[in-house]
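As a plain string of letters, each chain reads:
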Amino acid sequence: MDKLKSLFSFTQKQETSLGFGLISIITVGSEHVFSVFAFKCPCNDWNFVYGNVCLLVPAGALLILSYMLSNKTWKLFTGVCYRRSRLCRFSYIFGFLCVFLQITVTAMVAPLSWVAVALLKGEFFECSMTGANFTLFRRHICSDKYPHCRTDLEKFPCDGTGIPQSEKAAVLSLIRAESQVLGWILIASVMLFTFLLTCVARCYSPISYMQLKFWKMYTQKESDFLDSFTSQHAEKLAKRNITSFFELTKPIPMKSPPRQAWEKVSRFYKYQNMNQYYSILHKYVCTCEDLENPVSRGSVRSENDFSNPAALAFVDESKMVL
């Protein structure tokens, strides 16, 4: 039992890393299934288009899916059309773009995994480049000892074309080698960029390492309790209404947060050196004078400027919807 508790505790602490790892594994598996059962190079003038579509379009679809599965995306866009006056303010637009950039960096995990794995396998790149009608590329790939290369390069990925097997193997192995080199360069570049981005974010962190660690723990616990309390309250409210309907009785009064309260806790957190609030909900319950009837208006700064130091980007992320 103690070992299971330790494993559960480790899983909770590494939830973000495990989530990214799970996304990468699912992406790799999907790419393998697609390349085995669905991919078939046409071996004609469509090679370049078909290969690039198989390489890039699924990556774009995964990027859109990652946006859709992020709570932060919907927190950013929900109600934005009713705040048209703020869309004309530079501070709001700048903060909006900063948050969207943070979401994009996280959402790039799945599409980059797809492209990297596809380049390492080389099938999509091989199909694409055999149909590329680029003179310099054909001069680079083809030599005088490969007579069919310059005229029938698009037929090389397929069998039964009458092209000598030794010639096909030599040309395709060179293309796959270049694809794998690009794949490793992409992986190394992403890892280097992630490392440098993390270093810069921590370098400009306004709080210490231990407080940042505590802050992440608090954010996780708050998110867990909020989900739990929301579910319990929704269940009680639904049960009360159904009971009232079937028993033909007046519903028992229940307290629920008013609309203004939901609106305030749905805003993005803004870090300020002068306070010790760890989330927008923490700030709301500590500063609101009347929790049952909160004032609808708020400060312009808190509504429009929601850009935080990069080290605190996790505050508004909550959990990824999986």
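Residues numbered from 1 in each chain as written. Predicted model: local features only at pLDDT ≥ 70, side-chain atom pairs only at ≥ 80, totals over all residues. Heavy atoms only, no water.

(A) Layout of the overall build of the chain. Helix and strand counts for the chain stand at 14 helices and 0 strands. Its helices and strands in sequence order give the chain the pattern α-α-α-α-α-α-α-α-α-α-α-α-α-α, from N to C terminus. Here the chain, with 322 residues, has 32% of them falling under the buried criterion. Within the chain, contacts between residues separated by at least 24 positions form 71% of all contacts whose residues are at least 6 apart in sequence. Of the roughly 20800 Å² that the chain leaves accessible, carbon and sulfur atoms contribute 66%. (Helix = DSSP H or I, 4+ residues; strand = E, 2+ residues; numbered from the N terminus. Buried < 20%, exposed > 50% of the residue type's maximum accessible area, 1.4 Å probe, protein only. Contact = heavy atoms within 4.5 Å. Areas by Shrake-Rupley, 256 points an atom, 1.4 Å probe, with all protein chains shown as cover.)

(B) Region of the structure containing the state of the cysteines. Under the counting rule described, the total for this entry stands at 2 disulfides. The partner cysteine of cysteine 41 in its disulfide is cysteine 127, sulfur to sulfur 2.1 Å. Residues cysteine 41 and cysteine 127 are joined through a disulfide that is right-handed, its torsion about the S-S bond being 80°. Taken together, the residues cysteine 41 in the loop between helix 2 (15–37) and helix 3 (47–68) and cysteine 127 in helix 7 (residues 123–130) connect sequence positions 86 residues apart. The pair cysteine 41 / cysteine 127 is uniform in exposure class, with both members buried. Cysteine 54 takes part in no disulfide bond, and the closest cysteine sulfur, belonging to cysteine 127, lies 7.2 Å away. With no disulfide partner, cysteine 203 has as its closest neighbouring cysteine sulfur the one in cysteine 199, 8.7 Å distant. Looking at cysteine 203, the relative accessible area reads 60%, which means it is exposed. (Disulfide = S-S within 2.5 Å.)

(C) Main features of the side chain of serine 244. Relative to the helices and strands, serine 244 resides in helix 11 (residues 209–247). Judged by relative accessible area, which is 14%, serine 244 ranks as buried. Ignoring sequence-local partners within four residues, the contact set of serine 244 consists of Thr249, Lys250 and Pro251.

(D) Up close: the environment of valine 181. Here valine 181 lies in helix 10 (residues 165–203). Residue valine 181 is classed as partly exposed on the basis of its relative accessible area of 48%. Once the C-alpha coordinates of valine 181 and glycine 122 are considered, the two residues, 59 residues apart in sequence, prove to be 9.9 Å apart.

(E) Highlighting the pattern of salt bridges. For the structure shown, the criterion picks out 2 salt bridges. A salt bridge links glutamate 263 to arginine 259, with the shortest nitrogen-to-oxygen separation between them at 3.5 Å. With glutamate 263 and arginine 259 both in helix 12 (residues 259–265), this residue pair falls 4 residues apart, about one helical turn. Arginine 259 sits in the exposed class, given a relative accessible area of 59%. (Salt bridge = Lys/Arg side-chain N within 4 Å of Asp/Glu carboxyl O.)

(F) Local environment of the packing of helix 3 against helix 7. Taken N-terminus to C-terminus, the directions of helix 3 and helix 7 make an angle of 155°; their axes are 6 Å apart at the nearest point. It follows that helix 3 is roughly antiparallel to helix 7 by the angle criterion. Handedness of the crossing formed by helix 3 with helix 7: left-handed. Between helix 3, through Asn47, Phe48, Tyr50, Gly51, Asn52, Cys54 and Leu55, and helix 7, the contact on the second element is made entirely by Phe124, Cys127, Ser128 and Thr130. In the contact of helix 3 with helix 7, the residues fall into 6 nonpolar, 5 polar and no charged. (Axes fitted to C-alpha atoms, helices over the stretch in contact; angles between N-to-C directions. Parallel < 35°, antiparallel > 145°, perpendicular 65-115°, else oblique. Left-handed = near helix turned anticlockwise from the far one by under 90°. Nonpolar A, V, L, I, M, F, W, Y, C, P; charged D, E, K, R; others polar.)

(G) Highlighting the packing of aromatic side chains. Tallying each qualifying case throughout the model produces 12 aromatic pairs. Aromatic side chains tyrosine 67 and phenylalanine 100 sit 5.3 Å apart centroid to centroid with 15° between the ring planes, which places their arrangement in the stacked category. Of this pair, tyrosine 67 sits in helix 3 while phenylalanine 100 sits in helix 5 (residues 90–107), placing them 33 residues apart in sequence. Residue classification places phenylalanine 100 among the partly exposed positions, given a relative accessible area of 28%. An aromatic cluster is present here, built from Phe214, Trp215, Tyr218, Tyr269 and Tyr278 joined pairwise through their rings. Its end group placed over the ring of phenylalanine 268, lysine 75 keeps NZ or CZ at 5.4 Å from the ring centre. (Phe/Tyr/Trp six-rings, centres within 6.5 Å; stacked < 30°, edge-to-face > 60°. Lys NZ or Arg CZ within 6 Å of the ring centre and 35° of its normal.)

(H) Just the packing of helix 6 (residues 109–121) against helix 7, in detail. At a minimum axis distance of 5 Å, the contact between helix 6 and helix 7 shows a crossing angle of 70°. By the angle between their axes, helix 6 is roughly perpendicular relative to helix 7. In contact with Trp114, Ala118, Leu119 and Lys121 of helix 6, helix 7 contributes Glu123, Phe124 and Phe125. Per-class residue counts for the contact of helix 6 with helix 7 are 5 nonpolar, no polar and 2 charged.

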